[in-house]
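One-letter residues, chain by chain:
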Amino acid sequence: MELYPPSLMEQRDLDYIENIYKRYHRLIRSLFLKYTSTMYTTKAINNFEDRHERTETVSVVELIKFLKEYKLYFLTSNEDVKSLVREINVKLLDRREVQDLDFQGFEHFITQFCVLNMVKSHTISVKTAKGAESVKKSFGHLSHWQLIDEFFIYLRQVFQERGEKTILFDEPEAAYFNETEVIREFNKKLEEEPGFILP
């Protein structure tokens, strides 16, 4: 799978993507830590330093597990995930590692996964009052930041179906601060003006 170079993205898209990642930082970090703790790796862990390093990276196997558990695997394959991890490490992060991603690499993985896979036409099951229905979806007409936004909307639905808490989607700032009004104002300002510098 070929990487979609971020240099080809419009600056506006990059700014919106950065804002989306700021908004969902705690959620993304939580998912990253959840899957690094599974400790699936091909590397030998011989000492505490290796173990600590291992808790700061997510492997290809763990990424595949993440995609399967959150009903996203149907968009890709094992080979595509391996290739994407290799490409992210070599081309975006300038690292020689080809089987693991650090947190920054995990964010790149989400971006690349959305840009490369969510544009494909696919069929998903949607729960309705009558039961489950198959719906054909295509996001090919959306810009890059909208694809990532759709990714988080879909992920929220899967969280809800699995009975997991969705507060990190609904009010990500509530998990950090009691001053939610101030944070909402800053989020509103960031949406209006992506280049706004937070105090």
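Right, let's walk through the structure included here. None of the values given here were measured: they were computed from a predicted structure. (Residues numbered from 1 in each chain as written. Predicted model: local features only at pLDDT ≥ 70, side-chain atom pairs only at ≥ 80, totals over all residues. Heavy atoms only, no water.)

## Quick notes on the environment of Lys22
Here is the rule: Helix and strand definitions follow DSSP, with helices as H or I runs of at least four residues and strands as E runs of at least two, each counted in order from the N terminus.
Within the secondary structure, Lys22 sits in helix 1 (residues 11-23). As a C-alpha pair, Lys22 and Asn187 span 165 residues in sequence and 9.7 Å in three-dimensional space.

## Things to note about the packing of aromatic side chains
Operational definition: Pairing of aromatic rings covers Phe, Tyr and the six-membered ring of Trp, with a centre-to-centre limit of 6.5 Å; geometry is then stacked below 30 degrees between planes, edge-to-face above 60, and tilted otherwise. Throughout, exposure labels follow a simple rule: accessible area from a 1.4 Å probe, protein chains only, divided by the maximum for the residue type, with under 20% read as buried, over 50% as exposed, and the rest as partly exposed. Two limits define a charge over a ring: the Lys NZ or Arg CZ must be within 6 Å of the ring centre, and within 35 degrees of the ring normal.
Per the stated rule, a full pass over the model turns up 13 aromatic pairs. Centroid distance Tyr24 to Phe152: 4.4 Å. Interplanar angle 20 degrees. Geometry classified as stacked. On the criterion of sequence distance, the pair formed by Tyr24 in the loop between helix 1 and helix 2 (25-36) and Phe152 in helix 7 (residues 144-161) is long-range, its members being 128 residues apart. By the burial criterion, Tyr24 is buried, and Phe152 matches it. Here Tyr35 and Phe66 contribute two aromatic rings whose centre-to-centre distance is 5.6 Å and whose plane-to-plane angle is 70 degrees, an arrangement assigned as edge-to-face. Of the two residues, Tyr35 sits in helix 2 while Phe66 sits in helix 4 (residues 60-69), which places them 31 residues apart along the sequence. The same class applies to Tyr35 as to Phe66, namely buried. The side chain of Arg29 reaches across the aromatic face of Phe103, ending 5.0 Å from its centre.

## Here's the deal with the pattern of salt bridges
We apply this condition: Counted as salt bridges are all cases of a side-chain nitrogen of Lys or Arg within 4 Å of a carboxyl oxygen of Asp or Glu.
Following the criterion strictly, the structure yields 12 salt bridges and no others. Glu10 is paired through a salt bridge with Arg12; the nearest N and O atoms lie 3.7 Å apart. The partly exposed category is assigned to Glu10, whose relative accessible area is 47%. For Arg12, a relative accessible area of 44% corresponds to the partly exposed category.

## Some remarks on helix 5 (residues 78-92)
Short version of the rule: A helix is expected to span 1.5 Å multiplied by its residue count minus one.
Between its first and last C-alpha atoms helix 5 spans 20 Å; for 15 residues at 1.5 Å apiece the expected length is 21 Å, and the two agree. Among the residues of helix 5, those classed as buried are Val81, Ser83, Leu84, Val85, Glu87, Ile88 and Asn89. Where helix 5 ends, the next residue or the one after it, Asp94, has phi of about 55 degrees, a positive value.

## Thoughts on the packing of helix 4 against helix 5
The condition is simple: For helices, the axis comes from a line fit to the C-alpha atoms of the stretch in contact; other axes are also lines fit to C-alpha atoms, and the angle between any two N-to-C directions lies between 0 and 180 degrees. Should an angle fall under 35 degrees it is called roughly parallel, over 145 degrees roughly antiparallel, and 65 to 115 degrees roughly perpendicular, with every other angle called oblique. Note: crossing handedness is left-handed where the near helix turns anticlockwise from the far helix by less than a right angle, and right-handed where it turns clockwise. It only takes one pair of heavy atoms within 4.5 Å for two residues to be counted as in contact.
At their nearest, the axes of helix 4 and helix 5 sit 10 Å apart, and the two run at 125 degrees to each other. On the basis of their axis angle, the class for helix 4 and helix 5 is oblique. Two packed elements cross with a definite hand, and for helix 4 against helix 5 that hand is right-handed. On helix 5, the residues that touch Val60, Leu63, Ile64 and Leu67 of helix 4 are Asn78, Val81, Lys82 and Val85.

## Some remarks on the packing of helix 2 against helix 7
Quick reminder of the rule: Residues are grouped as follows: nonpolar covers Ala, Val, Leu, Ile, Met, Phe, Trp, Tyr, Cys and Pro; charged covers Asp, Glu, Lys and Arg; every other residue, Gly included, is treated as polar.
Two elements in contact, helix 2 and helix 7, have axes separated by 13 Å at closest approach and are oriented at 60 degrees. Considering their axes alone, helix 2 and helix 7 lie oblique with respect to each other. The hand of the helix 2/helix 7 crossing is left-handed. Mapping the contact onto sequence places Leu27, Ile28 and Leu31 in helix 2 and Phe152, Leu155 and Phe159 in helix 7. Of the residues assigned to the contact of helix 2 with helix 7, the class counts are six nonpolar, no polar and no charged.

Read these as layout, nothing more, since geometry by itself doesn't imply function.
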